[in-house]
Amino acid sequence: MTATPLERVRSALTTNQPALDGLFITRPENRAYVSGFTGSYGYLLVTKDEAVLLTDGRYVEQALEQAPGWSVVRLQRPYEDALMAALKRLDVQRLGFESDHLSHADYANWTQKLPAIEWKPTIGVVAHLRRYKTPQEVAAIRQAVAIADDAFASVLNFLRPGLTERQVAAELEYTMRRGGADAAAFETIVVSGARGALPHGRPEDKQIEAGDLVTIDFGARYGGYNSDITRTVFVGGGKPPTDRQREIYSLVQQVQQAGVEAVKPGVVCSSVDKLCRDMFDRAGLGDYFVHGLGHSLGREVHEFPMLVATDETVIEPGLVLTVEPGLYIGEWGGVRIEDDLYVGENGTEVLPRSTKELILL
Ligand code: GLY
Ligand code: MN
Ligand code: MN
């Protein structure tokens, strides 16, 4: 039987350098992953023998229900004192904390209040466990993708010149919620015409004009898991695309396809980024590809490992990765195409079904 997240955290206590008596988990996504508790506030303390979930009165019932087997401690005001008392009671010597999440102010305060504990910074202990998705996690991501895919198909019927970027983003988010999303995975990006040169531009009151390429980057959250898809469509309103629009689109499409095909077990993450970057360089457009090729996806939209120049992780089954090349050309506009891939035992699967051929509206 595969180990539970709690059991895997316990193993990590001994393999961590230095070995730890306990891990104090503050990052919300890690809290949910390890305990199952999804409330907005709380801490976990995991030792070899204990699993303690500390939360406030709003969430005690929920914590008891979602995290069977955990000792649920209700924090009472002043929370900080209650937290310190709980930590002290557990009497750990060497306590790991999430140094890439705990604020410096809390760290300074807590270490001062409990100087008998050796506070040991850790990075990525739980993130490392989270990289390989279980079948249940993949099922939630599939559903998040399906909701986003369906909403996009519906919004294509709505998209036309004269609508503002903000209206299109609102329609897409509303459609995803109606389709079963718990929330949008992130602020939906809709950028049109020259604004397409902003990779993460916010939708504005700018009207979409006939002849604009429109980049839409969107995702749904479902059961705690996210999707993250980008399509760039042509809103012609009777006009045909220019040669330049077709050429840039076609190049991004080819690079994206090459990236998708390269994501396989045994391949190093950075090499997939390089393969795509080299294709843009050969076309003389490398300077316009200004971000990494992709990232893992799960409870957070951006997880490790990533398809970037500095990530030497070897791809293995169980990862869910995005592949999202784009070109961003100032005063002209941009094109990005993004898919979510599941690296399975029997091959890599592209999860979104939305076409990547240039859609002409
Ligand atoms: N929408 C955020 C991203 O694509 O990474
Ligand atoms: Mn995206
Ligand atoms: Mn992405």
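An account of the accompanying structure is given in this report. (Residues numbered from 1 in each chain as written. Chains lettered and ligands numbered in written order. Predicted model: local features only at pLDDT ≥ 70, side-chain atom pairs only at ≥ 80, totals over all residues. Heavy atoms only, no water.)

### A look at the overall build of the chain
- Counting its regular elements, the chain contains 10 helices and 19 strands.
- Compactness check: the chain gives a C-alpha radius of gyration of 23 Å against a globular reference of 21 Å for 361 residues, within 12% of the reference.
- Referenced to the eigenvectors of the C-alpha coordinate spread, the extents of the chain come out at roughly 70 × 40 × 40 Å.
- Burial status across the chain gives 53% buried among its 361 residues.
- Long-range contacts, defined here as pairs at least 24 residues apart, represent 65% of the contacts in the chain between residues at least 6 apart. (Helix = DSSP H or I, 4+ residues; strand = E, 2+ residues; numbered from the N terminus. Rg over C-alpha atoms; globule rule 2.2 N^0.38 Å. Buried < 20%, exposed > 50% of the residue type's maximum accessible area, 1.4 Å probe, protein only. Contact = heavy atoms within 4.5 Å.)

### Comments concerning the coordination of the manganese ion (ligand 2)
- Donor atoms from the polypeptide that coordinate the manganese ion (ligand 2) comprise Asp-217 (OD), Asp-217 (OD), Asp-228 (OD) and Glu-338 (OE), at 2.0 to 2.4 Å from the metal.
- If you look at the manganese ion (ligand 2), its 6 donor atoms make angles of 57 to 168 degrees with each other, and the shape they trace is irregular.
- Between consecutive donors of the manganese ion (ligand 2), the numbers of intervening residues give the motif D-x10-D-x109-E.
- The metal-metal distance between the manganese ion (ligand 2) and the manganese ion (ligand 3) comes to 3.4 Å, with Asp-228 coordinating both. Of this pair, Asp-228 sits in the loop between β11 (225–226) and β12 (229–235) while Glu-338 sits in the loop between β17 (333–336) and β18 (339–344), and the two are 110 residues apart along the sequence.
- Take Asp-228: its relative accessible area is 3%, and that puts it in the buried class. (Donors = N, O, S within 2.8 Å, 3.2 Å for Na, K, Ca; no water. Tetrahedral: all angles 85-135°; square planar, octahedral: opposite > 155°, others 65-115°.)

### A word on the site of ligand 1
- Every residue close to ligand 1 is listed here: Phe-186, His-200, Asp-217, Asp-228, His-295, His-302, Glu-324 and Glu-338.
- A distance of 3.1 Å separates an oxygen atom of ligand 1 from a polar side-chain atom of Asp-228.
- In this structure, His-302 approaches ligand 1 through a side-chain N or O atom, which is 2.7 Å from an oxygen atom.
- Starting from 200 Å² of accessible surface for ligand 1 in isolation, the protein chains cover 95%. (Near = heavy atom within 4 Å. Polar contact = N/O pair within 3.5 Å; in protein donor to acceptor, adjacent residues only side chain to side chain. Areas by Shrake-Rupley, 256 points an atom, 1.4 Å probe, with all protein chains shown as cover.)

### Here we look at the coordination of the manganese ion (ligand 3)
- Around the manganese ion (ligand 3), the protein supplies Asp-228 (OD), His-295 (NE2), Glu-324 (OE) and Glu-338 (OE) as donor atoms, at distances of 2.1 to 2.2 Å.
- Positions of the donor residues of the manganese ion (ligand 3), expressed as sequence spacing, correspond to D-x66-H-x28-E-x13-E.

### Examining the environment of Arg-244
- Within the fold, Arg-244 resides in helix α9 (residues 243–262).
- The spacing of Arg-244 and Thr-47 is 197 residues in sequence and 60 Å in space, taken between C-alpha atoms.
- Those residues in contact with Arg-244 that lie beyond four places of it in its chain are Ile-329 and Trp-332.

### Regarding the layout of surface pockets
- Quantified by volume, the largest pocket comes out at close to 500 Å³.
- Contributing to the lining of the largest pocket are 21 residues, with Ala-3, Thr-4, Pro-5, Tyr-33 and Thr-134 lying nearest its centre.
- When contributions to the lining of the largest pocket are tallied by element, the ones reaching two or more residues are α1 (5–15), α2 (28–35) and α7 (135–156).
- When grouped by side-chain class, the residues that make up the lining of the largest pocket number 13 nonpolar, 5 polar and 3 charged. (1 Å grid on protein atoms, 1.4 Å probe; cavity = no way out; pocket = protein on both sides within 12 Å on 5 of 7 lines; lining within 4 Å. Points joined across faces, edges and corners; volume = space filled by probe spheres on them. Nonpolar A, V, L, I, M, F, W, Y, C, P; charged D, E, K, R; others polar.)

### What about the pattern of salt bridges?
- Taken as a whole and judged by the stated rule, the model has 22 salt bridges.
- Two residues, Asp-217 and Arg-336, come together in a salt bridge whose shortest N-O distance is 2.9 Å. Of the two residues, Asp-217 is situated in strand β9 (residues 212–218) and Arg-336 in strand β17; the sequence distance between them amounts to 119 residues. In this structure, Asp-217 and Arg-336 share a single accessibility class: buried.
- In this structure, Arg-277 engages Asp-273 in a salt bridge whose closest nitrogen and oxygen atoms are separated by 2.8 Å. Pair noted here: Arg-277 and Asp-273 are both in helix α10 (residues 269–282), with a separation of 4 residues, about one helical turn.
- Arg-277 gets classed as partly exposed once you look at its relative accessible area, which sits at 24%. (Salt bridge = Lys/Arg side-chain N within 4 Å of Asp/Glu carboxyl O.)

### Observations concerning the nonpolar core
- Grouped together as the largest cluster of nonpolar side chains are 55 residues, with contacts concentrated most on Val-34, Trp-70 and Ile-216.
- With 10 residues, the single largest contributor to this core is α7.
- If sequence neighbours within four positions are ignored, Ile-216 has contacts with Phe-152, Leu-159, Val-168, Leu-172, Ile-189, Val-190, Ile-229, Thr-230 and Arg-231.
- In this structure, Val-255, Ala-258, Ala-262 and Val-263 belong to the second largest nonpolar core, which totals 31 residues. (Core = buried A, V, L, I, M, F, W, Y, C linked by side-chain atoms within 4.5 Å.)

### Let's talk about α2
- Most of α2 is tucked away: 6 of the 8 residues are buried.
- Those residues of α2 that sit buried are Asn-30, Arg-31, Ala-32, Tyr-33, Val-34 and Ser-35.
- Positive phi shows up at Gly-36, right after α2, with a value of about 90 degrees.

Spatial relationships are all this shows, so hold off on functional conclusions.
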